[in-house]
Amino acid sequence: SRVCMAALEGLPFPVSPRCSPAPSAVCAPAFHAGLSLLCSLPGPAHLFRLSGKCFSLVESTYKYEFCPFHNVTQHEQTFRWNAYSGILGIWHEWEISNNTFRGMWMRDGDSCRSRSRQSKVELTCGKSNRLAHVSEPSTCVYALTFETPLVCHPHSLLVYPALPPSLQRRWDRAEQDLADELITAQGYDKLLRALFEDAGYLKTPQESESVPEGGAKVPAFQTLEDCSEAHRQMAKELRRLKSVLTQHGIPHTRPAETSSSEHMDPKTPTDGTAEQLRGDPGLRGNTL
């Protein structure tokens, strides 16, 4: 499409001039692979040129890296043998407010206590593309600010212009039905939500499978045999982890004098800044 062709300069790999508009037999596979990737990205086309690039920021003892439409990672900048390095979220969906793209949600990151890490990336106007700020407003939920000149135009993040013509027509019909009082404001909002889901901007509730803060997904077992098998697998994994700890000379028994409340609410370290950006290390099975 014209939209995809116009944004080819943002492909995550170089495209030879002879590949466009008529790709040769040599570069056609790369051309079409890149075009397919480009056209599968949801959102404003002018932001697709950020795909395939990563932007980093060092805060305290941690290096954060934001790769638009891909993920957010965190790397502890120390010489410890077990320095933390993990994923703070994988590209999930847009946050849309007042029919405007407000930010990128990166979800399903590394395990953090009873849930997964997630990050929200706010896009703001700036002179250059850079990751400007990272914070952790709540445990294992991160807030990033990304500056880019691509969003400086007042209409650069509007949803309607980014939609294909068929979905724009659906939006127009919904607007007309609302004006004619054929649907309520609530019905209009539901139609827009479905429209944004069809465009790939938002995930359906089934795709999101969000976990309430402080809660955990409870596995559903159809039979007692399924539950018993899950228990056996968990016990097997526990034995494996204990074996690994033993091989490295790391004690894995809980001290008798340590209470459960101390495990759930560790004392605040003297370096408040480092703790604010660290979160819970979580499981290391998914580290980079």
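Residues numbered from 1 in each chain as written. Predicted model: local features only at pLDDT ≥ 70, side-chain atom pairs only at ≥ 80, totals over all residues. Heavy atoms only, no water.

Under the convention used in this document: UniProt positions are given in the numbering used here, feature names are shortened, and annotations may be inferred rather than shown by experiment.
The name given to the protein in an unreviewed UniProt entry is N-acetylglucosamine-1-phosphotransferase subunit gamma, with Ailuropoda melanoleuca as the source organism. Taken from UniProt, the Subunit (unreviewed entry) comment for the protein reads in full: "Homodimer; disulfide-linked. Hexamer of two alpha (GNPTAB), two beta (GNPTAB) and two gamma (GNPTG) subunits; disulfide-linked. The alpha and/or the beta subunits of the enzyme constitute the catalytic subunits."

Focus: the overall build of the protein
The criterion, for reference: Secondary structure elements follow DSSP: runs of H or I no shorter than four residues count as helices, runs of E no shorter than two count as strands, and numbering proceeds from the N terminus. Classification of residues uses two cut-offs on accessible area relative to the type maximum, computed with a 1.4 Å probe and protein chains only: under 20% is buried, over 50% is exposed, and between them is partly exposed. Any two residues whose heavy atoms approach within 4.5 Å are treated as being in contact.
Per the secondary structure count, the protein includes eight helices and ten strands. When each of the 288 residues of the protein is scored for burial, the buried share is 33%. Long-range pairs, those at least 24 residues apart, make up 49% of the contacts in the protein with a sequence separation of at least 6.

Regarding the state of the cysteines
In plain terms, the rule: Working definition: a disulfide is two cysteine sulfur atoms within 2.5 Å of each other.
Inspection of every chain in the model, using the stated rule, returns three disulfides. The disulfide partner of Cys-54 is Cys-67, and the S-S distance across this bridge is 2.0 Å. Given an S-S torsion of about 110 degrees, the disulfide between Cys-54 and Cys-67 has right-handed geometry. One end of the pair, Cys-54, is in the loop between α2 (28–40) and β1 (55–59); the other, Cys-67, is in strand β2 (residues 62–67), with 13 residues separating them in the sequence. By relative accessible area, which is 41% here, Cys-54 ends up partly exposed. Each disulfide pairs two cysteine sulfurs, and for Cys-112 the partner residue is Cys-140, the sulfurs being separated by 1.7 Å. An S-S torsion of about 60 degrees defines the bridge between Cys-112 and Cys-140 as right-handed. Of this pair, Cys-112 sits in strand β6 (residues 111–112) while Cys-140 sits in the loop between β9 (130–138) and β10 (141–148), and the two are 28 residues apart along the sequence.

Comments concerning the pairing of strand β5 (residues 100–107)
Note the following rule: Paired strands, as defined in this entry, are two strands with at least two bridges between them according to DSSP.
A large share of β5 lies buried, amounting to six of its eight residues. Sheet topology places strand β4 (residues 85–97) next to β5; seven bridges connect them, and they run antiparallel. Counterpart to Glu-93 in the pairing with β5 is Trp-105. Taking the residues that link successive antiparallel strands as the turn, the β4-β5 hairpin has two residues, and the phi of Asn-98 there is positive, at about 55 degrees.

Digging into unusual backbone geometry
One non-glycine residue with positive phi stands out, namely Ser-60, at about 55 degrees. Position of Ser-60 relative to the elements: it lies in the loop between β1 and β2. Its identity is not glycine, yet Cys-140 carries a phi of approximately 65 degrees, on the positive side. The exposure class of Cys-140 is buried, given its relative accessible area of 1%.

Things to note about the nonpolar core
The cut-off we apply is this: The term nonpolar core refers to a set of buried residues drawn from Ala, Val, Leu, Ile, Met, Phe, Trp, Tyr and Cys, joined through side-chain atoms within 4.5 Å. Marked domain ranges trace back to an automatic or database domain assignment.
Membership of the largest hydrophobic core comes to 38 residues, with the highest contact counts inside it found for Leu-47, Phe-66, Trp-94 and Val-121. The element contributing the most residues to this core is helix α4 (residues 185–199), with four residues. Lining this core are residues from two domains, each supplying at least three of them: domain 1 (45–158) and domain 2 (163–207). Leu-47 has contacts with Phe-69, Trp-94, Leu-123, Leu-150, Val-151 and Leu-157, leaving out every residue within four places of it along the chain.

Remarks on the packing of helix α3 (residues 165–179) against α4
Counted only if it meets this: Lines are fitted to the C-alpha atoms to define the axes, a helix being fitted only along its stretch in contact, and any angle between axes, read from their N-to-C directions, falls within 0 to 180 degrees. Any angle from 65 to 115 degrees is called roughly perpendicular, while one under 35 is roughly parallel, one over 145 is roughly antiparallel, and all others are oblique. Note on residue classes: Ala, Val, Leu, Ile, Met, Phe, Trp, Tyr, Cys and Pro are nonpolar, Asp, Glu, Lys and Arg are charged, and everything else, Gly too, is polar.
Running from N to C, α3 and α4 point in directions that differ by 175 degrees, and their axes come no closer than 10 Å. Taken together, the axis directions place α3 and α4 in an arrangement best described as roughly antiparallel. Every residue of α4 that contacts α3 at Leu-167, Arg-170, Trp-171, Ala-174, Glu-175 and Leu-178 is listed here: Ala-185, Tyr-188, Leu-191, Leu-192, Ala-194, Leu-195, Phe-196, Asp-198 and Ala-199. Partitioned by chemical class, the residues of the contact of α3 with α4 number twelve nonpolar, no polar and three charged.

Considering the pattern of salt bridges
Selection rule: Note on definitions: salt bridges are taken to be side-chain nitrogens of Lys or Arg within 4 Å of carboxyl oxygens of Asp or Glu.
Throughout the structure, instances matching the rule amount to five salt bridges. In this structure, Glu-95 and Lys-120 form a salt bridge, with 2.7 Å as the shortest nitrogen-oxygen distance. One end of the pair, Glu-95, is in strand β4; the other, Lys-120, is in strand β8 (residues 118–125), with 25 residues separating them in the sequence. A relative accessible area of 24% means that Glu-95 is categorised as partly exposed. Under the relative-accessibility criterion, Lys-120 is labelled partly exposed at 26%. The partner of Arg-170 in a salt bridge is Asp-198, and the shortest N-O contact between them spans 2.8 Å.

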